[in-house]
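Analysis of the macromolecular model
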Amino acid sequence: KPGKGKIISMNKCRKLAKKQVSNGKITSVVKKYSDGIVVYKVKAQKGNKKYKLEFHGRTGKLLEFEWDLTLKRNNNSYKDYIGHERAKQIALKRTGGGHVVKAEFEMEDGVPVYEVEIIKEELEYDIKVHALTGKILEFDVDSIYD
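Now for a quick tour of the structure.

How each quantity is defined
- Residues numbered from 1 in each chain as written.
- Predicted model: local features only at pLDDT ≥ 70, side-chain atom pairs only at ≥ 80, totals over all residues.
- Heavy atoms only, no water.
- Pairing = 2+ DSSP bridges.
- Helix = DSSP H or I, 4+ residues; strand = E, 2+ residues; numbered from the N terminus.
- Salt bridge = Lys/Arg side-chain N within 4 Å of Asp/Glu carboxyl O.
- Buried < 20%, exposed > 50% of the residue type's maximum accessible area, 1.4 Å probe, protein only.

**Focus on the pairing of strand 1 (residues 25-34)**
As paired elements, strand 1 and strand 2 (residues 37-46) share nine bridges and run antiparallel to each other. Its bridge partner lying in strand 2, Lys-25 is registered against Gln-45. Between strand 1 and strand 2, which pair antiparallel and follow one another directly, the connecting turn spans two residues, one of which, Asp-35, has a positive phi of 50 degrees.

Take a look at the structure:
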């Protein structure tokens, strides 16, 4: 039942994350409230992969698990990318303005993307822009009060 039971410790959460990413290095553990429940958001690194995990704060159940490949900085193809500023402009044009709170470059399943997060009035936009073409690949909008 929601709201019942003790919150697991950060240490216990670290151990759960280490089981998911064996031999990985836990880089951060943050306790947050999400949709009225306590969750732990964990970041880890192993080799050329960055992991993001989310655990239920009471049960320890794994709620989310994702990873991205990290690029080596000497990759010449960077010069072909549209860049953070252009990605922000494309995203802001799509939302009709707002305030950019995050713009990050990521490789998602081998596809170079800029992930842009924009807040406008009471809405939060998550937009993925292809790093080579500038095409919007994903467009999500949520109320900031969710």
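**Notes on the pattern of salt bridges**
One pass over the structure, following the stated rule, counts seven salt bridges. As a salt-bridge pair, Glu-106 and Lys-52 come within 3.7 Å of each other at their nearest N and O atoms. With Glu-106 in strand 5 (residues 99-108) and Lys-52 in strand 3 (residues 49-56), this pair connects stretches of sequence that are 54 residues apart. For Glu-106, a relative accessible area of 8% corresponds to the buried category. Its salt-bridge partner being Glu-138, residue Lys-128 comes within 3.7 Å of it at the nearest N-O pair. Taken as a pair, Lys-128 in strand 7 (residues 123-130) and Glu-138 in strand 8 (residues 136-143) lie far apart in primary sequence, ten residues in all. The class of Lys-128 is buried, set by a relative accessible area of 15%. Taken together, the salt bridges that share partners define one network made up of Lys-102, Glu-108, Glu-115, Lys-128 and Glu-138.

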